[in-house]
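Observations on the three-dimensional arrangement
The chain contents come next:
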Amino acid sequence: MGTLSPWAVLVLPVVLVGLGAPCVVRGQPNFIVILADDVGWGDLGANWAETKETPHLDQLAAEGTRFVDFHSAASTCSPSRASLLTGRLGVRNGVTHNFAISSLGGLPLNETTLAEVLREAGYSTGAIGKWHLGHHGRHHPNFRGFDYFFGIPYSHDMGCTDTPGYNLPPCPPCPRHGAAARLARKDCYTEVALPLLENVTIVQQPVELGSLATRYAEEAARFIRRASDSGRPFFLYLALSHMHVPLTPPLPPAPGRGIYGATLSEMDALVGRIRQVADSHGKGNTLLWFTGDNGPWAQKCELAGRLGPFVGAWQRQRGGSSAKQTTWEGGHRVPAVVYWPGRVPAKRTSHALLSILDIFPTLVALAGAALPPNRRFDGLDVSPVLFGWSDVGHKVLLHPNSGAAGKVGEIETLRLAQYKAFYTTGRGALACDGSTGPAERHQPPLIFNLDRDIQEQEPLDVASGEYQAVLPAVSRAYAQALRDIAADNVSVADYSQDPAAVPCCSVQHVGCRC
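All values reported here derive from a predicted model rather than from experimental measurement.

Reading guide: rules and limits
- Residues numbered from 1 in each chain as written.
- Predicted model: local features only at pLDDT ≥ 70, side-chain atom pairs only at ≥ 80, totals over all residues.
- Heavy atoms only, no water.
- Helix = DSSP H or I, 4+ residues; strand = E, 2+ residues; numbered from the N terminus.
- Rg over C-alpha atoms; globule rule 2.2 N^0.38 Å.
- Buried < 20%, exposed > 50% of the residue type's maximum accessible area, 1.4 Å probe, protein only.
- Contact = heavy atoms within 4.5 Å.
- Areas by Shrake-Rupley, 256 points an atom, 1.4 Å probe, with all protein chains shown as cover.
- Lys, Arg positive; Asp, Glu negative; His and termini not counted.
- Charge placed at Lys NZ, Arg CZ, Asp CG, Glu CD.
- Axes fitted to C-alpha atoms, helices over the stretch in contact; angles between N-to-C directions.
- Parallel < 35°, antiparallel > 145°, perpendicular 65-115°, else oblique.
- Nonpolar A, V, L, I, M, F, W, Y, C, P; charged D, E, K, R; others polar.
- Disulfide = S-S within 2.5 Å.

**A few points about the overall build of the protein chain**
- Counting secondary structure elements, the protein chain contains 12 helices and 18 strands.
- Over its C-alpha atoms the protein chain spans a radius of gyration of 22 Å, differing by no more than 12% from the 24 Å that the globule rule assigns to 514 residues.
- Taken over the C-alpha atoms alone, the protein chain extends approximately 70 × 55 × 45 Å along its principal axes.
- Across the 514 residues of the protein chain, 62% fall into the buried class.
- Considering only intrachain contacts with a sequence separation of at least 6, the fraction spanning at least 24 residues in the protein chain is 72%.
- Carbon and sulfur atoms make up 55% of the accessible area of the protein chain, which totals about 18,300 Å².
- Charge separation in the protein chain, taken as the distance between the mean sites of 44 positive and 45 negative side-chain charges, equals 3 Å.

Here it is, written out as structure tokens:
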């Protein structure tokens, strides 16, 4: 069996107390994990009163448990998703930055996914939506434990479409009449159309973005009904394109934030529909876990999400983003709600320090399965927290660099209880104004007390008694984490590229158009 990392063991006595309570799980439960893309902590109305577009999610929170100190495992797409599906940080599973449309590799094949564990335990497994963990050869989701896949192999801005939606800068539609029509545009993919796959078959290229949310909802509902009719428990991983650009709201929105708000409303309605289907066909034994892969993409300005109070004021004062791609709270603190009628307490708010890393070991435990052997996990089985038996999560949480200053994947920031220590800040993540801020190494580290300074505005004075008291504990936790990673079975992802790996349904047509 795999082992928890040493800092995870710090909370193990509490977890064991919870596990000793009477078990309320009857048979193998169904699991639905809904992962939003680039969603802000403040995009959930239950978190942030200014947000009015999420009535279904707010109802889900009212009838379940809301987690307000919940974090993605990285602050960009591929690493965060790899950590969700393995329970391991990118420095262990090898996925430290995003894969390209021409990537030959993906999540290393020696890493075991949550879908593989659950399928072995008797589950029907489906992935709908964005994948972004490799699409070439055996990196495709059908070879990573998923019986069924319907979606896009990477982000939906990584290919042209006929109706490009809203983006900054705006991107042109796909070319139709040869090379002369191809317009090079910074940050836009103009050569190859965005593909939509059902299992290994391209069913549409370019994707019709305006109908994508409806198709995802229909396929998710179909999967749930089929699995329910089969009598097998099911695991559905629904990775939405919302709220990543390009935004494609269903109705012509009002100017300004109306585009974002209309798209957020569409996402909320989609979640509401999935919850309704789960209630009808989940046999009263379905856990639904909603969260996000990382925070808002600040450089997209009014097309980016709401941070809530987590503005990273120290960084903002120096230029640059404090959201996606950074280790400021706005980059990795994401909304999270767990709904399981009769099992997870309703009308509850948990302040436990939890992570997307915890989804893997928690669902494995609830399914009665075993963790994969010969590797260590950064996530915890937090079922005692879900059931309300405990409100204690991680003592220590590690935040890897996801594109800002420093080497991608390396542990640049560490959370210890209410304290957060930065060893590197700045450069790499653009703010709306185009600034990045200077790259800075901090030795000794910047340390913030989040209990008093949720905006991360003023680090502790290094000469203060509080700083001197917490620094030794931070240093020990950081050194222990690095030693543990060095002693683990660490994977290495293949980031090589080849144009032949680009999904293309017809090389004879411009942009691979079907």
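That was the structure; now back to the text.
**With respect to the packing of helix H6 (residues 212-230) against helix H7 (residues 258-281)**
- Between H6 and H7, the least distance of the axes is 10 Å, while the angle of their chain directions is 10 degrees. Taken together, the axis directions place H6 and H7 in an arrangement best described as roughly parallel. Between H6 and H7, the contacting residues are Ala-213, Thr-214, Ala-217, Glu-218, Ala-220, Ala-221, Ile-224, Arg-225 and Ser-228 on the first element and Glu-266, Leu-270, Arg-273, Ile-274, Val-277 and His-281 on the second.
- Here the contact of H6 with H7 is built from residues that sort into eight nonpolar, three polar and four charged.

**A word on the state of the cysteines**
- Inspection of the entire model under this criterion finds five disulfides.
- Here Cys-171 pairs with Cys-188 through a disulfide, and the sulfurs are 2.0 Å apart. Between Cys-171 and Cys-188, the S-S dihedral sits near -85 degrees, and the bridge is therefore left-handed. Linking Cys-171 in the loop between strand S6 (148-152) and strand S7 (196-198) with Cys-188 in the loop between S6 and S7, this pair joins segments that are 17 residues apart in sequence.
- Assessed through its relative accessible area of 22%, Cys-171 is described here as partly exposed.
- Bonded cysteines in the protein chain are paired 1-3, 2-4, 5-6, 7-9, 8-10 when counted in the order they occur along the chain.
- Not part of a disulfide, Cys-77 finds its nearest cysteine sulfur in Cys-171, a span of 15 Å.

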